[in-house]
Amino acid sequence: LNIGCMIYMPVSCLSPRILASSRGMQRSVRLGCFFSLISACVRLPCAFGNAEFRSGPWCILLLELGGLFCGIAGPFTQGSHTKLAMLWFPLEERQKAQAMGFLGTYLGAGASYLLSPAIVQAPDDIPRLLKIEAAMAVVPAFLAFVYYPETPPCSAAAADDSSIYHEAMSTDTS
């Protein structure tokens, strides 16, 4: 049973609405980072408990709850590439920016399938993996909450006079 996959679908219906609002890009990035950090923090007690706790029902519950928060984070982090490219890049660079965003998402997911087996050679190595995952979640969350502007400091897209940009931005639902 993977509860993260089950929650992904209902949340993915909500995340485009948030992303389409006037501060949607900032909110989406912050929500994605927040839920990723919560996911890692909820799992972290399983890294510090003894072997009996790690194999007990509370640890299994925490790991499943962490998967739930990870499933909530997914739609916010995976659906923002297009708006990011539209807001931060001039017209001639948008396709490349979108491609790099999508590629980065899937390369990151693919890297996790390589990283986990490389770190976990035996069941006793799982706490180390949980600690590494928590450390990896802290960095983007910190950066997103300390400084992630609502709009780019100098928006190449705003200077662009393309009708596609202005039509897309006029559908603001905030």
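Scroll up to find the structure.
The text that follows walks through the structure, step by step, so that each part is easy to find. (Residues numbered from 1 in each chain as written. Predicted model: local features only at pLDDT ≥ 70, side-chain atom pairs only at ≥ 80, totals over all residues. Heavy atoms only, no water.)

**Things to note about the overall build of the chain**
Here comes step 1: Each helix and strand counted, the chain has 10 helices and zero strands in total.
Here comes step 2: In the chain, the succession of α and β elements from N to C terminus is α-α-α-α-α-α-α-α-α-α.
Here comes step 3: Looking at the 174 residues of the chain, the share that counts as buried comes to 34%.
Here comes step 4: A total of about 10600 Å² of accessible surface is found on the chain, and carbon and sulfur atoms cover 69% of it. (Helix = DSSP H or I, 4+ residues; strand = E, 2+ residues; numbered from the N terminus. Buried < 20%, exposed > 50% of the residue type's maximum accessible area, 1.4 Å probe, protein only. Areas by Shrake-Rupley, 256 points an atom, 1.4 Å probe, with all protein chains shown as cover.)

**Points about the state of the cysteines**
Here comes step 1: Inspection of the entire model under this criterion finds one disulfide.
Here comes step 2: A sulfur-sulfur distance of 2.3 Å marks the disulfide that ties Cys46 to Cys59. Of the two residues, Cys46 is situated in helix H3 (residues 45-48) and Cys59 in helix H5 (residues 57-78); the sequence distance between them amounts to 13 residues. (Disulfide = S-S within 2.5 Å.)

**Brief notes about the packing of aromatic side chains**
Here comes step 1: On inspection of all chains with the given rule, the structure shows three aromatic pairs.
Here comes step 2: With a centroid separation of 5.2 Å and 70° between ring planes, the pair formed by Phe34 and Phe35 is classed as edge-to-face.
Here comes step 3: For Phe35, a relative accessible area of 16% corresponds to the buried category.
Here comes step 4: Between Trp88 and Tyr148, the ring centres sit 6.4 Å apart and the planes meet at 45°, which makes this aromatic pair tilted. A residue pair is termed long-range when its members are at least 10 positions apart, and Trp88 in helix H6 (residues 81-88) and Tyr148 in the loop between helix H8 (126-146) and helix H9 (156-159) qualify at 60 residues.
Here comes step 5: Residue class for Trp88 comes out partly exposed when judged on its relative accessible area of 28%.
Here comes step 6: What makes Tyr148 buried here is its relative accessible area of 17%.
Here comes step 7: An aromatic cluster is built from Phe34, Phe35 and Phe69, whose rings are joined through pairwise contacts. (Phe/Tyr/Trp six-rings, centres within 6.5 Å; stacked < 30°, edge-to-face > 60°.)

**Description of the nonpolar core**
Here comes step 1: In this structure, Phe35, Cys46, Phe69, Ile72 and Phe76 are the most contacted members of the largest nonpolar core, which totals 14 residues.
Here comes step 2: Those elements that provide at least two residues to this core are helix H1 (3-19), helix H2 (24-43), H3 and H5.
Here comes step 3: Top contributing element to this core by residue count: H5, with seven residues.
Here comes step 4: Aside from chain neighbours lying at most four places away, what touches Ile72 is Ile7, Val11 and Phe35.
Here comes step 5: Leu19, Cys33, Ala141 and Tyr148 belong to the second largest nonpolar core, which has eight residues in total. (Core = buried A, V, L, I, M, F, W, Y, C linked by side-chain atoms within 4.5 Å. Contact = heavy atoms within 4.5 Å.)

**Focus: the environment of Met25**
Here comes step 1: Structurally, Met25 can be placed in helix H2.
Here comes step 2: Discounting chain neighbours no more than four positions away, the residues touching Met25 are Leu19, Ser80, Lys83, Leu84, Leu87 and Tyr148.

**A closer look at the environment of Tyr147**
Here comes step 1: Residue position: Tyr147 is located in the loop between H8 and H9.
Here comes step 2: Distance in space between the C-alpha atoms of Tyr147 and Gln26 is 9.9 Å, their sequence separation being 121 residues.

**Some details on a nonpolar patch on the surface**
Here comes step 1: A cluster of nonpolar residues, Val138, Val139, Phe142, Leu143, Val146 and Tyr147, forms a patch on the protein surface that exposes about 630 Å² of accessible area.
Here comes step 2: Within the secondary structure, Phe142 is located in helix H8. (Patch = residues over 30% accessible without salt bridge, like charges linked within 9 Å, V, L, I, M, F, W, Y side chains within 5 Å. Salt bridge = Lys/Arg side-chain N within 4 Å of Asp/Glu carboxyl O.)

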